[in-house]
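Listed here are the chains, written in short residue letters.
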Amino acid sequence: MRYYVAEESEIGDGERRVVSCDGKEIGVFRVKGRLFAWHNRCVHQNGPVCQGRIYNRVVEPVAEDGTTRFQEYDAETFHLVCPWHGYEYDIETGQHPGNPRVRLRAAKLEIEDGSIYVSA
Ligand code: FES
């Protein structure tokens, strides 16, 4: 069964909608113009990850001598941070940055006549 989320034009870049689908929740995000849908359950302890804050990925450049001196934000990669204990996930891939086997569960997303639908 599929569930209506919003009109495509109603979710701007960097915005989200979390919808209830008969007891399951799904978050729909727009990043760099594309839409992604994830189940609202963190891999760690099932926290409401889709309601977490969105940050740019933090990176620590390594100098030629092998040292690091600062951290900076990666302007192209956006992470969703679980509000319970801070697990992070790449919004585009659903993967945890430190362990690619840890990932969010994708939900099916469809767009029909400008309307967004998801399937739980
Ligand atoms: S439940 Fe998400 S980090 Fe623990």
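Details of the structure are given in the entry above.
Source: prediction; values computed, not measured. (Residues numbered from 1 in each chain as written. Predicted model: local features only at pLDDT ≥ 70, side-chain atom pairs only at ≥ 80, totals over all residues. Heavy atoms only, no water.)

I would appreciate a short explanation of the side chain of His 39 in the present structure.
Relative to the helices and strands, His 39 resides in strand β4 (residues 34-39). The contact partners of His 39, leaving out residues within four places of it in the chain, are Glu 25, Ile 26, Val 49, Cys 50, Arg 105, Ala 106, Ala 107 and Ala 120. (Helix = DSSP H or I, 4+ residues; strand = E, 2+ residues; numbered from the N terminus. Contact = heavy atoms within 4.5 Å.)

Got a minute to help me understand the sheet that holds strand β9 (residues 115-119) in this structure?
Remark on secondary structure: sheet strands pair via backbone hydrogen bonds, oriented parallel or antiparallel. Judged by pairing direction, the sheet is antiparallel, and its three strands sit side by side in the order β1-β9-β8 without closing on themselves. Each edge of the open sheet is held by one strand with a lone partner, namely β1 (2-7) and β8 (108-112). With direction set aside, neighbouring strand axes in the sheet form an average angle of 30°. With five bridges joining them, β8 and β9 adopt antiparallel strand pairing. Across the sheet, Leu 109 pairs through a bridge with Val 118, a residue of β9. (Pairing = 2+ DSSP bridges. Axes fitted to C-alpha atoms, helices over the stretch in contact; angles between N-to-C directions.)

What is the right way to look at the sheet that holds strand β2 (residues 16-21) in this model?
Ordered by their spatial adjacency, three strands build an open sheet running β2-β3-β4, and the pairing between neighbours is antiparallel. Unpaired on one side and paired on the other, β2 and β4 mark the two borders of the sheet. The average undirected angle you get between the axes of adjacent strands in this sheet is 20°.

Would you explain the pairing of strand β3 (residues 24-31) in this entry?
By the criterion of burial, β3 is predominantly enclosed, with six of the eight residues buried. Pairing geometry for β2 and β3, over six bridges, is antiparallel. When the sheet's bridge partners are listed, Cys 21 is paired in β3 with Lys 24. Where β3 meets β4, six bridges bridge the pair, whose relative direction is antiparallel. (Buried < 20%, exposed > 50% of the residue type's maximum accessible area, 1.4 Å probe, protein only.)

Is there a simple way to explain the side chain of His 79 in this structure?
Counting through the fold element by element, His 79 comes out in strand β6 (residues 72-81). Classification of His 79 by relative accessible area gives buried; the value is 3%. Within the structure, His 79 has its side chain in polar contact with the side chain of Glu 88 (distance 2.7 Å). Here His 79 is in contact with Arg 53, Ile 54, Tyr 55, Arg 57, Glu 88, Tyr 89, Asp 90, Ile 91 and Pro 97, once residues within four sequence places are set aside. (Polar contact = N/O pair within 3.5 Å; in protein donor to acceptor, adjacent residues only side chain to side chain.)

The values are spatial; any link to function lies outside them.
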